[in-house]
Structure formats: structure tokens, C-alpha cells
Amino acid sequence: MPELPEVETIRRSLVDKVKGRRIQGVEILLPRLIKWPSAYEFQALVTGKTILQLDRKGKYLILRLEDNMTLVIHLRMTGRLYFVTNDDKTDRFTHIIFDLGDGAKLLYADTRTLGTLYAMPESELWRIAGLASMGPEPLTQEFSHAYFRGLLAGRKGRIKALLLNQKLIGGLGNIYVDEALAIAGIDPDRLACSLNDEEAALLYEAVNQVIYDGIHHGGTSFRDYRDGEGKSGSHQNYLAVYGRKGQPCRRCGAPIERKEVAGRGTHYCPNCQR
DNA sequence: CCGTCCTCCTGGCCGC
DNA sequence: TGCGGCCAGGAGGACG
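Criteria and thresholds
- What you see as residue numbers is a count from 1 along each chain, following the sequence as written.
- Each chain takes a letter, starting from A, and each ligand takes a number, starting from 1, following the order in which they are written.
- Local features in this predicted model are restricted to residues of pLDDT 70 or higher, and side-chain atom pairs are both shown and tallied only at a pLDDT of 80 or more, whereas totals for entire chains, interfaces and linings draw on every residue.
- Side-chain measures were taken over the full set of non-hydrogen atoms in the model, leaving aside hydrogen atoms and water.
- Fitting a line to C-alpha atoms yields each axis, with helices limited to the stretch in contact; the angle taken between N-to-C directions then spans 0 to 180 degrees.
- Counting from the N terminus, the helices are DSSP H or I runs at least four residues long and the strands are E runs at least two residues long.
- Handedness of a crossing follows from how the near helix is turned relative to the far one, being left-handed for an anticlockwise turn of less than a right angle and right-handed for a clockwise one.
- Note on definitions: a residue-residue contact is assigned when non-hydrogen atoms from the two residues lie within 4.5 Å.
- Throughout this entry, Asp, Glu, Lys and Arg are counted as charged residues, while Ala, Val, Leu, Ile, Met, Phe, Trp, Tyr, Cys and Pro are counted as nonpolar. The remaining residues, Gly among them, count as polar.
- The source of the domain bounds is an automatic or database domain assignment.
- When a carboxyl oxygen of Asp or Glu lies within 4 Å of a side-chain nitrogen of Lys or Arg, that pair is called a salt bridge.
- Think of a polar contact as two N or O atoms within 3.5 Å of one another; within protein, one of them needs to be a possible hydrogen donor and the other a possible acceptor, and neighboring residues in sequence only count if both atoms come from side chains.
- To be near a molecule or strand, a residue needs just one of its heavy atoms within 4 Å of it.
- Here roughly perpendicular refers to angles of 65 to 115 degrees, roughly parallel to angles under 35, roughly antiparallel to angles over 145, and oblique to all remaining angles.
- Method remark: on a 1 Å grid restricted to protein atoms, a set of points is classed as a cavity if a 1.4 Å probe fits but cannot get out and as a pocket if it is open with protein on both sides within 12 Å along at least five of seven lines; lining residues have an atom within 4 Å of a point.
- Grid points are joined across faces, edges and corners, and a volume is the space filled by probe spheres set on the points.

A. Summary view of the packing of helix α1 (residues 4-18) against helix α7 (residues 197-216). Interaxial distance between α1 and α7 falls to 8 Å at its minimum, and their mutual angle equals 35°. Crossing geometry of α1 relative to α7 is assigned as right-handed. Contact residues: Leu 4, Pro 5, Glu 8, Thr 9 and Arg 12 in α1; Ile 211, Gly 214 and Ile 215 in α7. Residues belonging to the contact of α1 with α7 are distributed by class as follows: four nonpolar, two polar and two charged.

So, in C-alpha cells, the structure goes:
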């Protein structure tokens, strides 16, 4: 499940490969993945355009094309983006093929087909609500300690739900939220407004730390995630709690447990997190 | 406005 | 061994 560190790793692995290349054609094998405009219009808008830059905002990848056109991709659960220079790597999960010329292709593959693609002029990006309403990302100036404290004040929902809310903080998903809460020693079931100053400070630091470490390790390859060259990340080897049900807590040795919080499978140490 | 629940989707895993 | 059932979870929409 690509979260901010995984999407950033994909961006870094692709940017130099696609920059300056012209999209010669687009083959759309699964049209329903195109959310705006129609698949036919999408094809017309991006074909013939040169890729000027590859940006990321939260979990969205944004290809900046010439003439202020943008191609936006959200990988959701199992989306993958590969750069290839031969045809060998297409399989039945390859749904959209961007021909970049000279045998080079950018492949969009997705086993569960929940991913979404959009094409529109930069001035119309407001159409993508999740992009337009995204909150500040960890490791940015905008995501200040004061901002984070402000989020917690008076909020009755669970802290896990708050961290997952992209309108409040951009880029966190289930893995990194569980990890941040584990590092900060906070029970995911706690109400956001119940955190004291010390806990809030610990959690703020933990959120930044897990995102930093995740990027540093090239992402977490727990199931499907690979970077733009098909390489796995290594952060799965450093996880504190996610996917470690029954295994000993790295801090106290107690078995990691799993429960449902905010409708999500949640891993935590019952001893360290309170 | 806010929180909760449902929906989408399919490979993989579990139990019978 | 086969197969039904369920789980994984990001995000948008319905609903109270």
C-alpha cells in the first residue's frame, strides 16, 4: 500500500527517466481507471505532450506536461508504475501503457484496479478534491508542531483516525500511522483531544521520523509495493508493529496485538502503548 | 461540521 | 484438493 514514502521513492526512481520524454501514445486497457475526463479525452490531452517534471503531493503523483497539462495518478492500494525499455514486463495487470518513444514505456499496473488517473490543465486541478483539500505533509515547514497541536485540540475522534485523515495531514496511511503511534507509545484508540503536551510532542516527532525513515529505506515492501524500476524497499525490516502480530515488541518483548480501530486493522504493543 | 459506515476491487489465505 | 468466505485499506459518498 503506497503511502508518502513509497510514492516519493517511486517519484525519485522515475523522474530522471521520464523527464524530457514525449508521450507518443497511450493504450488504455481498463478505461474505468480514468476518472477525469473520459478515457478518450484523457488520451487526446496527454498524447504528443512532453513530460517536463514529475512531482508528488501526499500520495498523488503529478506529471507536469507541456502546455500546462497535468497527468495525475493515485496508486491507491496496489497500483504500480514502471519504466521499461522492452515489452517483456507487461502482464495481465498492466492496464495503461504510455509509449515514451525509442522502445521506452511507462506502465500502470494494478492488481485490484482501485487506482485512479486524471488529465487536466494545471488550472483545473481543483477538480481532484483529495488533492485540492490535502493537509500539510510531514517534514515540511507547514506541518509545524503548533499546527499539529491545533489539530488535537477539541477533537473527539480517535487519534488514529486523525492521523489517517488526508485533509489534516497529507501522506500517512495505515502502516506509518501504526508505526508513529508505536514509537510515541500511544494507544491508537485514544481520543485525539486526550493527548497531553508531552504525548503530542512525542507523536509529532514520531510522525516525522517514520516518514523520514520510510523514504530513507526506499519504502515498505509489505505486499505489492515496488519502485519505478521494480525494486523492493527495505523499511519492512525496521517496522515496530505493523504486520508483526504475535511477534515480540522490540522494546519490551510483549507480543504485538492486532485490533480494529477507526475501521482499520491496527497493530500495537499493549504494554508500551497507553 | 463531524464521525461512522459502506463501497469499490481481487489475490491470497484460512478452514472445512 | 477444492472451494466458499473473508481480509487487505485509500478515499469518496451516504447518512445521522
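B. Highlighting the domain arrangement of chain A. We note that the domain assignment places domain 1 (4-133) and domain 2 (145-268) within chain A. The interface of domain 1 with domain 2 comprises 19 residues on the first partner and 20 residues on the second. The interface formed by domain 1 and domain 2 contains one salt bridge. Of the charged contacts, one joins Glu 229 and Lys 17 as a salt bridge, the two residues approaching to 2.6 Å between their closest N and O atoms. One can count seven residue pairs in polar contact (both at pLDDT 80 or more) joining domain 1 with domain 2. Contributions of two or more residues to the side of domain 1 that touches domain 2 are made by α1 and β6 (79-84). Considering each element in turn, the side of domain 1 that touches domain 2 owes the most residues, 10 residues, to α1.

C. Here's a closer look at the protein's contact with DNA strand C. Looking at DNA strand C, there are 18 residues lining it, with His 74, Met 77, Leu 114, Tyr 242 and Arg 258 nearest. Contacts to DNA strand C include His 74, whose side-chain N or O atom sits 2.5 Å from a phosphate oxygen. Between DNA strand C and Arg 76, the relevant distance is 3.5 Å, taken from a sugar or linking oxygen to a side-chain nitrogen or oxygen of the residue. Per-class residue counts for the surface near DNA strand C are six nonpolar, six polar and six charged.

D. The arrangement of the packing of helix α6 (residues 174-184) against α7 in detail. Where α6 meets α7, the closest approach of the two axes is 8 Å, and the angle between their N-to-C directions is 130°. What the angle tells us is that α6 and α7 run oblique. For the element pair α6 and α7, the recorded crossing hand is right-handed. Where α6 approaches α7, its residues Tyr 176, Glu 179, Ala 180, Leu 181, Ile 183 and Ala 184 are matched on the opposing element by Leu 202, Leu 203, Ala 206, Val 207, Gln 209, Val 210, Ile 211 and Gly 214. The residue inventory of the contact of α6 with α7, partitioned by class, reads 11 nonpolar, two polar and one charged.

E. Structural detail: empty space enclosed by the protein. In the structure shown here, the tally under the stated rule is one cavity of 30 Å³ or more. For the largest cavity, the full set of lining residues is Pro 2, Ile 10, Thr 78, Gly 79, Arg 80, Leu 81, Asp 224, Tyr 225 and Arg 226. If you tally residues by element for the lining of the largest cavity, the top one is β6, at three residues. Residue classes in the lining of the largest cavity are distributed as four nonpolar, two polar and three charged.

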